[in-house]
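# A look at the structure
Spelled out from the first residue to the last, the chains are:
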Amino acid sequence: MPLRIVRNDITKMKVDAIVNAANETLLGGGGVDGAIHRAAGPKLLQECRKLGGCETGRAKLTKGYDLPCRYVIHTVGPVWRGGRFGEAKLLASCYRESLLLAAEHRCETVAFPMISTGVYGYPAAQAMRVAVDAVTAFLLDHDMTVYIVVFSRDAFEISGRLFNDVKAYIDDVYVDRHTDMRREQQRSVRVFDAMMAEPATAAAAPASLDDMLSDIEDGFSETLLRMIDEKGFTDAECYKRANMDRRHFNKIKNNPSYKPTKSTALAFAVALRLSIDETKQLLMKAGYALTHSSKQDIVVEYCIKNGIYDIIEIDQVLFKFDLPLLGS
Ligand code: APR
């Protein structure tokens, strides 16, 4: 998946390059900078000393030393001063410049911390928006998997209104244990009633197996391709909007009996801006249902009903609720 939001310690990420939220001296500091230097060992500081610092919004590259990554890309985020001093532009530049350096060094996987959101005070929800926009813009013409690593879920914010609306929606429709038990009891009563009832009169003769097999419907792959055409998207628009890489999409496209995960099927539904009914149809082709006993489904349903078709925004909500992300 091209862009993933994950919760982890960035020094543990096994990727080609991790990005460091450094300061202009590049000589180390606290926060993620301190953690990276500690994990990389003293040779990292020796190399950093030779770099002559780095301006805010720019990036420089070193080796990874004892870290499980090949490179560390050091970038300097802006200090938050209320938002009217070009902070967003500088922050976007950190992501873009780091990614350009990563591409120059043929990195296929890169992990970012949430630059500027610690000591430098950038509000996390706004910083995430800038990060996501900058990374997705870059990924439009680069094949790379980019991770945004969130250290602590508590520090991660989505807009309060969205969080509360989704929470209320989940509370409203989630089939809790209590309701499940009640339904279970009702079901046993129905099954018992049916058993006690008179046997049904003979039904119409069933179709032969051959007839049924010759009537086989389109699978997931064919349905997806048809929907892409009907909605007027190109294949590339579709997989990019689904936050999926080209190889994965081609696998699905070229295999008529491909069975995606439910998250992948949902990612396509969002990418194609399907209605709830169309989403159900597409899921059905992969053997799934949209159900109120899955919180992930409820969040996606809420988003579709409210016209939220930005997959990263949906993933941020899922992340906040500790649910599996789409396409993962
Ligand atoms: N892995 C991933 N993320 C981390 C880790 C870690 N091990 N440690 C901290 N973070 C997160 C923080 O929770 C925060 O969201 O990284 C984000 C950035 O926080 P800071 O490290 O404080 O970076 P920043 O706000 O950009 O400030 C940079 O801090 O120590 C200095 O030298 C650095 O002066 C520079 C300043």
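Higher on the page you've got the structure.
Only a predicted model underlies this, so the values are computations on that prediction, with no experimental measurement involved.

## What to know about the environment of Leu-61
Take Leu-61: it is sitting in strand β3 (residues 59–63). On the basis of relative accessible area, Leu-61 is assigned to the buried category, the value being 17%. The contacts of Leu-61, once residues within four sequence positions are left out, are Glu-47, Tyr-71, Val-72, Ile-73, Leu-101 and His-105.

## Here's the deal with helix α14 (residues 311–320)
A large share of α14 lies buried, amounting to 8 of its 10 residues. Directly after α14, the chain includes Asp-322, whose backbone phi takes a positive value near 60 degrees.

## Remarks on the packing of helix α13 (residues 295–305) against α14
Running from N to C, α13 and α14 cross one another at 140 degrees; their axes reach a closest spacing of 10 Å. The crossing of α13 and α14 is right-handed. Along the contact surface, α13 presents Gln-296, Val-299, Val-300 and Cys-303, while α14 presents Ile-314, Val-317 and Leu-318. The class makeup of the residues in the contact of α13 with α14 is 6 nonpolar, 1 polar and no charged.

## Some words on the layout of surface pockets
In this structure, the largest pocket spans a volume of roughly 640 Å³. Looking at the largest pocket, it is lined by 28 residues, and the ones nearest its centre are Ala-21, Gly-31, Val-32, Met-114 and Gly-118. Looking at the lining of the largest pocket, the elements with two or more residues in it are β2 (17–22), α1 (31–40) and β6 (145–150). Per element, the largest residue contribution to the lining of the largest pocket is 4 residues, and it comes from α1. Partitioning the lining of the largest pocket into residue classes produces 17 nonpolar, 9 polar and 2 charged.

## Things to note about the site of the ligand
Around the ligand there are 21 residues in total, and Gly-30, Val-32, Asp-33, Thr-117 and Gly-118 lie nearest to it. In the environment of the ligand, an oxygen atom lies 2.8 Å from a nitrogen or oxygen atom belonging to the backbone of Val-119. For the ligand, whose free accessible area comes to 710 Å², the fraction covered by protein is 89%. Because more than half of its atoms lie within 2 Å of the grid, the ligand is assigned to the largest pocket. Mapped onto the shell around the ligand, the elements with two or more residues apiece are β2 and α1.

## Looking at unusual backbone geometry
For Ser-116, which is not glycine, the phi dihedral falls at a positive 75 degrees. Here Ser-116 shows up in the loop between β5 (109–113) and α4 (124–139). In this model, Arg-273 sits at a positive phi of 55 degrees, which is unusual for a non-glycine residue. Looking at the secondary structure, you find Arg-273 in the loop between α11 (262–271) and α12 (276–285).

## Observations concerning the environment of Ala-127
Tracing the sequence through the fold places Ala-127 in helix α4. On the accessibility criterion, Ala-127 (2% relative accessible area) is buried. Sequence-wise, Ala-127 and Glu-87 are 40 residues apart; in three dimensions their C-alpha atoms are separated by 9.6 Å. Once residues lying within four places of it in the same chain are set aside, the contact partners of Ala-127 are Leu-91, Met-114, Thr-117 and Tyr-122.

## Regarding the nonpolar core
With 83 residues, the main nonpolar core has Leu-224, Phe-268 and Leu-326 as its most contacted residues. Broken down by element, this core gets its largest block of residues, 10 residues, from α4. Membership of the second largest hydrophobic core comes to 14 residues, among which are Ile-10, Ala-40, Leu-67 and Cys-69.

## Observations concerning the side chain of Ser-93
Mapped onto the elements of the fold, Ser-93 is located in helix α3 (residues 87–104). Given a relative accessible area of 12%, Ser-93 falls into the buried group. Excluding residues that lie within four positions of it along the chain, Ser-93 makes contacts with Gly-57 and Ser-98.

## Observations concerning the packing of aromatic side chains
As enumerated under the stated definition, the model contains 6 aromatic pairs in all. Arranged with centres 6.2 Å apart and planes meeting at 50 degrees, the rings of Phe-220 and Phe-268 form a pair that is tilted. Separated by 48 residues along the polypeptide, Phe-220 in helix α8 (residues 220–231) and Phe-268 in helix α11 bring together distant segments of the chain. Members of the aromatic cluster, joined through ring pairs, are Phe-220, Tyr-239, Phe-249 and Phe-268. Above the face of the Phe-85 ring, Arg-81 is positioned so that its terminal group lies 4.3 Å from the ring centre.

About the cut-offs
- Residues numbered from 1 in each chain as written.
- Predicted model: local features only at pLDDT ≥ 70, side-chain atom pairs only at ≥ 80, totals over all residues.
- Heavy atoms only, no water.
- Helix = DSSP H or I, 4+ residues; strand = E, 2+ residues; numbered from the N terminus.
- Buried < 20%, exposed > 50% of the residue type's maximum accessible area, 1.4 Å probe, protein only.
- Contact = heavy atoms within 4.5 Å.
- Axes fitted to C-alpha atoms, helices over the stretch in contact; angles between N-to-C directions.
- Left-handed = near helix turned anticlockwise from the far one by under 90°.
- Nonpolar A, V, L, I, M, F, W, Y, C, P; charged D, E, K, R; others polar.
- 1 Å grid on protein atoms, 1.4 Å probe; cavity = no way out; pocket = protein on both sides within 12 Å on 5 of 7 lines; lining within 4 Å.
- Points joined across faces, edges and corners; volume = space filled by probe spheres on them.
- Near = heavy atom within 4 Å.
- Polar contact = N/O pair within 3.5 Å; in protein donor to acceptor, adjacent residues only side chain to side chain.
- Areas by Shrake-Rupley, 256 points an atom, 1.4 Å probe, with all protein chains shown as cover.
- Sits in = over half its atoms within 2 Å of the grid points.
- Core = buried A, V, L, I, M, F, W, Y, C linked by side-chain atoms within 4.5 Å.
- Phe/Tyr/Trp six-rings, centres within 6.5 Å; stacked < 30°, edge-to-face > 60°.
- Lys NZ or Arg CZ within 6 Å of the ring centre and 35° of its normal.

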